[in-house]
Amino acid sequence: MIFVLLAYSGLLVAIGLLGSRRVRRSGDFYVASRSLPAPLLFSTFLAANLGAGSTVGVAGFAYVDGLSAWWWVASAGFGSLLLAFWIGPRIYRAACRHDLLTVGDYLEQRYDGRVRLITAGLLWLGSLAILAGQLIALGFILKVAAGIPTHWGIALGGVIVTIYFTAGGLLSTAWVNLVQVCVKAAGFGIALPWALTHAASWGDISNAAARHASVNPDAYLSLSGIGAGGIAGYAIILVPAFFVSPGLLQKLYGARHESAIRRGVGLQGLALLLYSAFPVLLGMIAFTRYPDLENPELALPTLLSAGFPFWLGALMLAAIFSAEVSSADAVLFMLSTSFARDFYQKRLRPGAGDKALLRVTRITAAAAGLAGIAVALWLGSILKALLVFYSLLVVTLFVPLVAGLHSTRPKASSALASIAVAVPATLAVHLLTNGKGFGLITPVAAGILASALAFAATAAERTRVASV
């Protein structure tokens, strides 16, 4: 299988290098010259959203908790639909009107440079965590399926994605993602029917859940098995994360026109909802076949290597490898463009020209890839890494971004106040309740609520003072 993987990796790198020949300025790298049609938007968004969490992570979640793991990917699908028909068109119009290249550009244009700088710093920390999550999944997959030590698998995946992204940015990434989506569709589309026919049927899954002492079969086989609090917890974190993520919004900036966003991103959201059952059922099949795995996140890699014939295992290996590296390139996109635009060009060297910006962006992408490898070796857990990022992303960006798109009245003081209370409020509720929250008020929900109250109070006070 390692030879299949190396050949496939070579193909991805070749496509990325070919795409780099069309990159001559920062606008090509950052927003693909605003030239992406609906089909390329569909593929690049779907590739970015089918990553470690929605493959290896969700299969491990389903291995333990059963059918209710569906809510993880389904929440991403719902968030994508909100992006396609609500947030996306609004921010795209602003990007075209003011020639914006990053979400930081939008925050400075709408508020001021302080909001841009603080948000960029917080998201940089969180983004390294999600990049690490993708690389950890690659390490798990390669260890079980190809016998490569986890740390070498993490390094291999990090190097491959860094090379093809650094070469061409959004332009080459969009074409690489198109190939990756085709491979994912073939892999999962063939694997699940085969597994339900040859590895374990639904009846076998039900019997395994009933036999295992640690499993409540009714909860395991129910979409509501994790309870209302668990569902709300994932929905509150994940639905907003998929319409305020800078990496996704900046891909959207590359659209050819507004209707391409509605068609491409909207169809991608529906595809996520369709796909959401696939890793869940594969994780439950892995539980049926291998009920005593020490690490649930090895469920999908184990099924891949031990439960499938070689040809299907190789196809699935390529599909899952595609899932992890495509999400990793979306994070590199966010990290490199944010640092080069938000810190370098706007703070460190305001007079930097286009060529200097492009060069620094590429250097930053390479450095971020190496940093992601280091963090992955330190963290070790996929879902832990992803939840760090999603939580920080949502509580920091949700209120200032959404409110700013719908009203011109609140100013920078409101955004700064909302950011200042959001993260401390989230951490306080997390520590006080050991991460459980107060019923449906999860730590992230508390952070969003505190952020909204601070934003509204500051805006109201400004309005009152102005009227006096």
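The structure displayed is predicted, hence computed values, not measured ones.

Visitor: Can you break down the overall build of the protein residue by residue, with the values?
Guide: A tally of regular secondary structure across the protein gives 20 helices and 0 strands. The dimensions of the protein, computed from C-alpha atoms along their principal axes, are 70 × 55 × 40 Å. Split into buried and exposed, the 468 residues of the protein put 61% on the buried side. Contacts spanning at least 24 positions in sequence make up 86% of the contacts within the protein whose residues lie at least 6 apart. Per element, the accessible surface of the protein, about 17,000 Å² overall, is 68% carbon and sulfur. One finds the centroid of the 32 positive side-chain charges in the protein at a distance of 11 Å from the centroid of its 17 negative side-chain charges.

Visitor: Account for the packing of aromatic side chains, naming residues and giving values.
Guide: Within the structure shown, the criterion is met by 11 aromatic pairs. Ring centres of Tyr220 and Phe287 lie 5.2 Å apart, and the angle between their planes is 45°; on these two criteria the pair is classed as tilted. Taken as a pair, Tyr220 in helix 10 (residues 217-220) and Phe287 in helix 14 (residues 277-289) lie far apart in primary sequence, 67 residues in all.

Visitor: Break down the environment of Leu11 for me, with residues and values.
Guide: Note on placement: Leu11 falls in helix 1 (residues 2-20). The spacing of Leu11 and Leu298 is 287 residues in sequence and 27 Å in space, taken between C-alpha atoms.

Visitor: Let's hear about helix 9 (residues 202-211): which residues, and what values?
Guide: All buried positions along helix 9 are accounted for by Ile205, Ala208 and Ala209. Looking down the long axis of helix 9, one finds its buried residues gathered within 100° of arc, a one-sided arrangement. Facing away from the buried surface of helix 9 by more than 90 degrees, the exposed residues are Ala210 and Arg211. Those residues of helix 9 hidden inside the fold are in contact with helix 10 and helix 14.

Visitor: Give me the lowdown on a nonpolar patch on the surface, citing residues and values where you can.
Guide: There is a patch of nonpolar side chains on the surface, built from Ile190, Phe310 and Trp311 and spanning about 340 Å² of accessible area. With respect to the helices and strands, Ile190 occurs in helix 8 (residues 150-199).

Scoring rules and cut-offs
- Residues numbered from 1 in each chain as written.
- Predicted model: local features only at pLDDT ≥ 70, side-chain atom pairs only at ≥ 80, totals over all residues.
- Heavy atoms only, no water.
- Helix = DSSP H or I, 4+ residues; strand = E, 2+ residues; numbered from the N terminus.
- Buried < 20%, exposed > 50% of the residue type's maximum accessible area, 1.4 Å probe, protein only.
- Contact = heavy atoms within 4.5 Å.
- Areas by Shrake-Rupley, 256 points an atom, 1.4 Å probe, with all protein chains shown as cover.
- Lys, Arg positive; Asp, Glu negative; His and termini not counted.
- Charge placed at Lys NZ, Arg CZ, Asp CG, Glu CD.
- Phe/Tyr/Trp six-rings, centres within 6.5 Å; stacked < 30°, edge-to-face > 60°.
- Arc of directions from axis to C-beta.
- Patch = residues over 30% accessible without salt bridge, like charges linked within 9 Å, V, L, I, M, F, W, Y side chains within 5 Å.
- Salt bridge = Lys/Arg side-chain N within 4 Å of Asp/Glu carboxyl O.

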